[in-house]
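Understanding the architecture of this molecule
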Amino acid sequence: MDGAVLVALTAAIGNLLQGWDNATIAGAVLYIKKEFNLQTQAGIEGLIVAMSLIGATVITTFSGPVSDMFGRRPMLIISSVLYFVSGLVMLWSPSINVLLLARLLDGFGIGLSVTLVPVYISETAPPEIRGRLNTFPQFTGSVGMFLSYCMVFSMSLTVSPSWRLMLGVLSIPSLAYFFLALFYLPESPRWLVSKGQMKEAKKVLQRLRGRDDVSVEVTRILSARESFPLAGEMALLMEGLGAGGEVSIEEYIISPDDELDDNQEHAVDKDRIKLYGAEEGQSWIAKPVTGQSTLGLVSRHGSVANQSALMDPMVTLFGSVHEKLPEMGSMRSMLFTNFGSVFNISENQVKHENWDEESQRDGDKHSDDSGAESDDNVRSPLLSRQGTGTEGPPTSLSMRQGSNYNTANAGENASMGIGGGWQLAYRKDEKKEGALKRIYLHQEAGVGSRRGSIMSLPGCDAHAEGDTIHAAALVSQSVLRTESISAQQTIEEAVEKQTGPITKAIGWRALFEPGVKHALIVGVGIQILQQFSGINGVLYYTPQILEQAGVGVLLSNLGIGSESASFLISGLTTLLMLPSIGIAMRLMDIAGRRLLLLTTLPVLLLSLIVLVLGNVINMGEVTHAVISTISVVIYFCCFVTGFGPIPNILCSEIFPTSVRGICIAICALTFWIGDIIVTYSLPVMLNTIGLAGVFGIYAVVCAIAWVFVFLKVPETKGMPLEVITEFFAVGANKQPGKE
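The model shown is predicted, which means the values in this text are computed figures rather than measured ones.

Attention now goes to the overall build of the protein chain. Scanning the protein chain from N- to C-terminus turns up 32 helices and six strands. Counting across all 739 residues of the protein chain, residues that qualify as buried make up 60%. A separation threshold of at least 6 residues defines the contact pool for the protein chain, and within that pool the share at least 24 residues apart is 79%. Here the protein chain displays about 28,200 Å² of accessible surface, and carbon together with sulfur accounts for 60% of that area.

Written out as structure tokens, the structure reads:
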């Protein structure tokens, strides 16, 4: 996991440079206005600030498709070069025209990094911490703003502050970013898989997931199958290239495949389906059922009766997975060893003594006189620790007593899952010769997860025995063929031997597929609302807004001028934003994206209303300055907790791999066009309707945004990217008027 964290943090330096630039231009523009006499030319002033946004908009139009063609890593390297060159040109800038050219180049670098860093992090991060890692860009961006404001404040105290030096310093951190991107960042494994470079993708995954240094003991027990933990994820990445087709939701009662133990053939008929795992030798027997799955019920009925008819069925469909997650130790401790993922954060944080108790229970429990397995033993983990003399998680693997697997087969049958409590399996397609169905399995909480409970489910008879779980399944066409599960070639081998791109060239027609189109509505909608909530306008012009609000009064006794005071308070504001981003990091994968948005948007709305009232009601100079400052701080802190990072996180998650670049470009284009409109219009709006009118408009947008999130935005925390796109394909077909 350390590999994925460090790679995400390195990639997010591109956003640090963006934050640095945003804060620097906010301070430098005050001195640019004086040198070039722009006090009465608000349009030119706005153009200087907005030129980087124009550059970002232009480059974003090409960034997605070009990154799909040449890779994510080369584009990040190019962005660092553009940052460096633009900093040098701004340091020189003898005229407004040269400055505008430099700002355009700077915008090219910003556009590439802001657009592709969230995509890159999402494609390299484990599902359970993807939200946390994708909060890094917001964190590093705020760090960049804070450092920049500190620099601008210190320069403002000099006799003749140089705006050229303020802007030119950008070249120094951009040079460091260039070397880190060139020598440290790997290519996205999903992009490598899309180009048929399976061996390279596997090496990157081993680095990102920390598999290069697997202990000798674990390697020995796994029969030296070093790649085993990554087989499921490699198969998942390849299946993601075929996402977007017809998807159905089914329900299964799943039990172990006994032929691994007793060499007896199963009478697999229409009522019993054999499922194959991605790892060699892994298989189960599934019995289709209906009527108990929450996911199935939501899929069939579109939305539950107690919810508004206006709510998108997609929201309920995703929520059916997150609202009733299985308790720890249910699905993971039954048929699918460590079912969630080896990277599951909550699992890794289990107290050490729990491992001792589970291990002790594993060794002590055994079959009673009647031969029946004890209840506690049924629930004990398949992965247990050997010995009780050391503390901490298991250091070797073995199968618990009474399970239908032999210890000798542990290495072949254990599965690390694909993250978020999901498991990838396959079955033969009866309707198409040589075709496979891919199946994403997720346990239904508290249903069919213990011995005997299968008998209480509709469609199940009493002859089903052994450990069972009740699972909902997303079923669709696999990109693999039946040869992949033959004795001669395993699925793992089929993935590694793939030598060329699986999918054909994607055209614009793919954007009109129901699942992709639905995801675009969510992505574009939330980007529009984020921009028109006013954040970038407030960021770029924070010093002027605070100066107009009278913050100079607060620091006048210290002998600090109004300009320097606005820089200092702006810097302190960005410093206070950092703990808020820390809260977002902690909650992003626990509370989830949707809940954070629904919680923080009302606070944004309230802070904007207070700003409006503070500028309408005459309450004295000092009181006005204090209220304005506190409200701006609250606005920023709440924004970076929710509405700041989440739109980019969502947009990097909800699109299929095959069209992710194009769709991200569309969402990013929406982002930058909105940014240009807000930034360019803010000086004019301040001169016409004043601060009260500006904040009033932003408040209305925040209210609309809350309604949009409540009705349209689903929860994606902890889910593999490929599963998310399958859900959108299902949900799009559950819209009113569709079958």
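The next thing to look at is the side chain of S79. As for its position among the elements, S79 is in helix α4 (residues 72-92). We classify S79 as buried; its relative accessible area is 0%. A distance of 2.6 Å separates a polar atom in the side chain of S79 from the backbone oxygen of L76. With sequence-adjacent residues up to four places away left out, S79 is seen in contact with G109, L112, S113 and Y177.

The subject of this paragraph is empty space enclosed by the protein. Applying the stated criterion across every chain yields a total of six cavities of 30 Å³ or more. Empty space within the largest cavity amounts to approximately 360 Å³. Around the largest cavity, the lining comprises 24 residues; the ones closest to its centre are Q18, Q138, G644, N648 and F671. Sorting elements by how many residues they give to the lining of the largest cavity places helix α7 (residues 136-156) first, with five residues. A per-class count over the lining of the largest cavity returns 11 nonpolar, 13 polar and no charged. Roughly 100 Å³ of volume is contained in the second largest cavity.

Our next topic: the packing of α4 against helix α9 (residues 171-183). Packed helices, taken two at a time, are described by the angle between their axes plus the distance between the axes. Orientation of α4 relative to α9, taken along the N-to-C sense of each, is 160 degrees, at an axis distance of 8 Å. Between α4 and α9, the interaxial angle falls into the category roughly antiparallel. Handedness of the crossing formed by α4 with α9: left-handed. On α9, the residues that touch R73, L76, I77, S79, S80, V81, Y83, F84, G87 and L88 of α4 are S171, S174, L175, Y177, F178, A181 and L182.

Reading around the circumference, β1-β3-β2-β4-β5-β6 is the order of the six strands in this closed barrel, with antiparallel pairing throughout. Between one strand and the next, the sheet's axes are offset by a mean angle of 45 degrees, whatever the strand orientation. When strand β2 (residues 273-277) meets strand β4 (residues 422-428), the two strands line up antiparallel, connected through two bridges. Bridging from a neighbouring strand, G277 pairs with A425 of β4.

Before going further, it helps to examine the environment of L116. On the secondary structure map, L116 appears in helix α5 (residues 96-124). Linking L116 and S67, residues 49 residues apart in sequence, is a C-alpha distance of 8.2 Å. Residues in contact with L116, not counting those within four places in the same chain, are S63, S67, M75 and L76.

Turning our eyes to something else, we now look at the nonpolar core. I32, W422, L474, F643, F655 and F727 are the most contacted members of the largest nonpolar core, which totals 162 residues. In terms of nonpolar packing, the next biggest core, distinct from the first, is built from 13 residues, I254, L275, L441 and A471 among them.

Applying the stated criterion to the full structure yields 13 salt bridges. Between R72 and D68 there is a salt bridge, with its nearest N and O atoms 2.7 Å apart. There is no split in this pair, since R72 and D68 are both buried. A network of salt bridges, in which partner residues are shared, links D68, R72, E123 and R660.

Aromatic ring pairs are described here by two measures, namely the spacing of the ring centres and the angle between the planes. For the structure shown, the criterion picks out 12 aromatic pairs. The ring of Y184 has R207 sitting right over it, with the charged end atom 4.6 Å from the ring centre.

Rules used in this analysis
Residues numbered from 1 in each chain as written. Predicted model: local features only at pLDDT ≥ 70, side-chain atom pairs only at ≥ 80, totals over all residues. Heavy atoms only, no water. Helix = DSSP H or I, 4+ residues; strand = E, 2+ residues; numbered from the N terminus. Buried < 20%, exposed > 50% of the residue type's maximum accessible area, 1.4 Å probe, protein only. Contact = heavy atoms within 4.5 Å. Areas by Shrake-Rupley, 256 points an atom, 1.4 Å probe, with all protein chains shown as cover. Polar contact = N/O pair within 3.5 Å; in protein donor to acceptor, adjacent residues only side chain to side chain. 1 Å grid on protein atoms, 1.4 Å probe; cavity = no way out; pocket = protein on both sides within 12 Å on 5 of 7 lines; lining within 4 Å. Points joined across faces, edges and corners; volume = space filled by probe spheres on them. Nonpolar A, V, L, I, M, F, W, Y, C, P; charged D, E, K, R; others polar. Axes fitted to C-alpha atoms, helices over the stretch in contact; angles between N-to-C directions. Parallel < 35°, antiparallel > 145°, perpendicular 65-115°, else oblique. Left-handed = near helix turned anticlockwise from the far one by under 90°. Pairing = 2+ DSSP bridges. Core = buried A, V, L, I, M, F, W, Y, C linked by side-chain atoms within 4.5 Å. Salt bridge = Lys/Arg side-chain N within 4 Å of Asp/Glu carboxyl O. Phe/Tyr/Trp six-rings, centres within 6.5 Å; stacked < 30°, edge-to-face > 60°. Lys NZ or Arg CZ within 6 Å of the ring centre and 35° of its normal.

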